[in-house]
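# Tertiary structure, described
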Amino acid sequence: MRFLVTAGPTREPIDPVRYLSNRSSGKMGYAIAEAAIEAGHEVVLISGPVDIDRPRAAAVIPISTSDEMFVAVHEHVPNCDVLVMCAAVADYKPVAVFTKKIKKREAKLLLELIPTRDVLASLPKARKYLVVGFAAETDNIQTNAQKKLLKKNCDIVVANDVSRADSGIESNENEVTILFRDSQKKKISRAPKKIIARELIKIFENVCEKRLTKKIA
Ligand code: CTP
């Protein structure tokens with residue numbers, strides 16, 4: 001199958017030397033890309049700025065801003081079977097980018113932000129590929145993740161708790177709950193992201209297989 005995986009943070013420029021971003025390390029997305037390659041799939045990886053070696057067998061598309069992520073996903077998604085939106089796309093960006101470096105002053109500095117475009121929510125409802133979203137939550141994890149599944153019209157949402165220091169964001173480990181459209185849930189207990197990624201790939205393969213069998217029957 002052809003996987004399109006997004007990973008890492010986006011950077012939203014403020015001026016020529018500053019940007020808004022988040023703590024995403026890209027480790028989970030890169031682990032998913034590696035696990036998909038290991039399982040014999042083709043992988044296109046759209047990556048925000050991260051400090052990880054690129055998976056050699058993947059076609060890597062480097063992006064920086066949420067707008068670049070939006071364009072890259074829309075360009076490549078028609079050619080994939082599974083989209084895994086693991087990237088931590090910024091929700092807001094500055095209304096305008098200063099062309100010159102903002103100079104330090106005594107007065108308060110107010111930065112006006114506007115929402116970025118939501119990549120997942122922008123995808124067509126009628127599509128052939130499987131759409132997997134991620135939900136980074138600090139509280140009411142399953143309820144919030146369930147809301148994202150419906151609001152963003154995902155087939156699957158992988159929810160993780162980003163409030164813990166020992167798993168989730170920046171960590172080498174994770175613990176996730178996978179939510180499906182038919183309200184089923186599956187938990188993968190705390191494990192290295194590489195192990196979690198292998199389990200996730202198996203789950204995505206199973207869902208794709210079931211959909212195919214349903215279509216043929
Ligand atoms: N996402 C996206 N486009 C955005 C923001 C997020 O496609 N502009 C995707 C992420 O890649 C992820 C999912 O939406 O797969 C959920 O992202 P998350 O940060 O957990 O939630 P938000 O939608 O940003 O909502 P909130 O910050 O309120 O939790």
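Report on the accompanying structure. This one's a predicted model, so the numbers in the text were calculated from it and none came from an experiment.

Rules used in this analysis
- Residues numbered from 1 in each chain as written.
- Predicted model: local features only at pLDDT ≥ 70, side-chain atom pairs only at ≥ 80, totals over all residues.
- Heavy atoms only, no water.
- Phe/Tyr/Trp six-rings, centres within 6.5 Å; stacked < 30°, edge-to-face > 60°.
- Lys NZ or Arg CZ within 6 Å of the ring centre and 35° of its normal.
- Salt bridge = Lys/Arg side-chain N within 4 Å of Asp/Glu carboxyl O.
- Helix = DSSP H or I, 4+ residues; strand = E, 2+ residues; numbered from the N terminus.
- Expected span 1.5 Å × (residues − 1).
- Buried < 20%, exposed > 50% of the residue type's maximum accessible area, 1.4 Å probe, protein only.
- Contact = heavy atoms within 4.5 Å.
- Axes fitted to C-alpha atoms, helices over the stretch in contact; angles between N-to-C directions.
- Parallel < 35°, antiparallel > 145°, perpendicular 65-115°, else oblique.
- Left-handed = near helix turned anticlockwise from the far one by under 90°.
- Nonpolar A, V, L, I, M, F, W, Y, C, P; charged D, E, K, R; others polar.

Okay, the packing of aromatic side chains next. How two aromatic rings sit relative to each other is set out by the distance from centre to centre and by the angle between their planes. Throughout the structure, instances matching the rule amount to zero aromatic pairs. Taking NZ or CZ as reference, Arg117 lies 3.9 Å from the ring centre of Phe70, over its face.

Bringing the pattern of salt bridges into the picture now. With the rule as written, the count across this model stands at twelve salt bridges. With its nearest N and O atoms 2.5 Å apart, the salt bridge here joins Asp15 to Arg18. With a shortest N-O distance of 3.3 Å, Lys202 and Glu199 are connected by a salt bridge. A residue pair is termed a helical-turn pair when its members lie 3 or 4 positions apart in one helix, as Lys202 and Glu199 do in helix H4 (residues 193-216) at three residues.

A few words now on helix H1 (residues 27-38). Here H1 spans 16 Å end to end across twelve residues, near enough to the 16 Å set by a 1.5 Å rise per residue. Within H1 the residues assigned to the buried category are Met28, Gly29, Tyr30, Ala31, Ile32, Ala33, Ala35, Ala36 and Ile37. Looking at the buried side of H1, the elements it contacts are strand S1 (2-7), strand S4 (42-47), strand S6 (82-85), strand S9 (130-137), strand S11 (173-180) and H4. Of the residues flanking the end of H1, it is Gly40, one or two places downstream, whose phi is positive at about 95°.

Right, let's talk about the packing of H1 against H4 for a bit. Between H1 and H4, whose axes approach to 8 Å, the crossing angle comes to 55°. Taken as axis vectors, H1 and H4 run oblique relative to one another. Crossing handedness for the pair H1 and H4: right-handed. Counting all contacts with H1, which are made through Lys27, Met28, Ala31, Ile32, Ala35, Ala36 and Glu38, the residues of H4 involved are Lys193, Lys194, Ile196, Ala197, Arg198, Leu200 and Ile201. Each residue belonging to the contact of H1 with H4 can be placed in one class, and the counts come to nine nonpolar, no polar and five charged.

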